[in-house]
Amino acid sequence: MYSDDEQPFRPDYLLDPHAVWMTRALDEARAAFEEDEVPVGAVVVQDGRLIGMGHNQREQLADPTAHAEMIAITQAATTLGDWRLIDCVLYVTLEPCPMCAGAIIQARIPTVVYGTTDPKAGACESLYQITNDPRLNHRCEVLGGVLRDECRQILQDFFAQQRRLGKK
C-alpha cells in the first residue's frame, strides 16, 4: 500500500477508460503521421479487449476507402468472425465521415467515441447525424470530445507541416 507521498504518478485522464482507449487511437494517428497520411487513428474494443485497430492509409494503399475506421472495423470483424460488432466501442480521433458512419451503422456498432469534431465532413454530430438518423434500422450512442485537444493538435501539426512542405 502506498502512502499519499509515495503514490505513483498517474494522470487523471488515464483513470477514464474512454481516455485510455483514445490514447491508443492517438498512437495509431501518430503512425499515420509518420507515414505521411492524415493522422487519424481508430480502435475497436469489446469487453475491454482490443479487437481492431487502424490508421489512415489512403495514400499508401491508393484506396479512398482506407480510412482508420474502415480498417479497424474490418480487423474487428475478422477477429470476431462476424460482421455484427455488437457490444463493441469504436474509438476514433476524428469524428467519422459519411462513409465511415455508414460502415458503423452496417456493422451495428452501438457506441462511437471520437476526439475532435470535423466541421467539413463530420457525420455523427457536426455536419450530418447519420449514426442517429431515426430512418435507419440501427443507431448508436455517440460521445465526442474525448482528448479533444490532443486529437485536434496532431491534425493541426500535420497540416501545418504539409503547408510548409508545399504539399497541401
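The coordinates are above.
A brief report on the enclosed structure follows. (Residues numbered from 1 in each chain as written. Predicted model: local features only at pLDDT ≥ 70, side-chain atom pairs only at ≥ 80, totals over all residues. Heavy atoms only, no water.)

The next subject is the side chain of His 138. Mapped onto the elements of the fold, His 138 is located in the loop between strand E4 (111-116) and strand E5 (141-144). By relative accessible area, His 138 is classed as buried at 14%. A polar side-chain atom of His 138 sits 3.0 Å from the main-chain carbonyl oxygen of Ile 109. When neighbours within four sequence positions are excluded, His 138 is seen to be in contact with Ile 104, Ile 105, Arg 108, Ile 109, Pro 110 and Thr 131. (Helix = DSSP H or I, 4+ residues; strand = E, 2+ residues; numbered from the N terminus. Buried < 20%, exposed > 50% of the residue type's maximum accessible area, 1.4 Å probe, protein only. Polar contact = N/O pair within 3.5 Å; in protein donor to acceptor, adjacent residues only side chain to side chain. Contact = heavy atoms within 4.5 Å.)

We now examine helix H4 (residues 98-107). For H4, the set of buried residues is Cys 100, Ala 101, Ala 103, Ile 104, Ile 105 and Ala 107. Looking one or two residues past H4, Arg 108 carries a phi angle of roughly 65°, positive in sign.

In this section: the environment of Asp 16. Residue placement: Asp 16 occurs in the segment before helix H1 (17-34). Overall, Asp 16 belongs to the partly exposed group, its relative accessible area being 32%. Measuring from C-alpha to C-alpha, the distance between Asp 16 and Val 146 comes to 9.8 Å, with 130 residues separating the pair along the chain. Looking at Asp 16, its side chain comes within polar contact range of the main-chain nitrogen of His 18, at 2.9 Å.

Taken as a whole and judged by the stated rule, the model has 6 salt bridges. Between Glu 28 and Arg 24 there is a salt bridge, with its nearest N and O atoms 3.4 Å apart. Of this pair, Glu 28 and Arg 24 both sit in helix H1, 4 residues apart, which is roughly one turn of that helix. Arg 84 is the partner of Asp 82 in a salt bridge, and the nearest nitrogen-oxygen pair spans 3.5 Å. Residue Asp 82 is classed as partly exposed on the basis of its relative accessible area, which comes to 30%. We classify Arg 84 as partly exposed; its relative accessible area is 40%. (Salt bridge = Lys/Arg side-chain N within 4 Å of Asp/Glu carboxyl O.)

Along the polypeptide, Thr 111 turns up in strand E4. Judged by relative accessible area, which is 15%, Thr 111 ranks as buried.

Generally speaking, a soluble globular protein has its nonpolar side chains buried in company with each other. Of all hydrophobic cores here, the largest spans 42 residues; its most connected members are Met 22, Leu 85 and Tyr 91. Breaking this core down by element, the ones donating at least two residues are H1, strand E1 (41-46), helix H3 (68-80), strand E3 (88-94), H4, E4 and helix H5 (148-164). In terms of residue count, H1 provides more of this core than any other element does, 7 residues in total. (Core = buried A, V, L, I, M, F, W, Y, C linked by side-chain atoms within 4.5 Å.)

Moving on, we get to the environment of Cys 97. Relative to the helices and strands, Cys 97 is located in the loop between E3 and H4. Overall, the relative accessible area of 14% leaves Cys 97 in the buried class. In this structure, the C-alpha to C-alpha distance between Cys 97 and Leu 165, residues 68 residues apart in sequence, is 26 Å. Those residues in contact with Cys 97 that lie beyond four places of it in its chain are His 67, Glu 69, Ala 121 and Ala 123.

Turning to the pairing of E3, a few remarks are in order. The buried fraction of E3 is high, at 7 of 7 residues. In this structure, E1 lies alongside E3, joined through 5 bridges in antiparallel fashion. Residue Val 43 lies in a different strand from E3, and its bridge partner there is Tyr 91. When E3 meets E4, the two strands line up parallel, connected through 5 bridges. Of the residues in E4, the one forming a bridge with Val 89 is Thr 111. As a crossover connection, the stretch from E3 through H4 into E4 is right-handed. (Pairing = 2+ DSSP bridges. Right-handed = clockwise from strand over helix to strand, strands pointing away.)

By themselves, these figures tell us nothing about what the structure is for.
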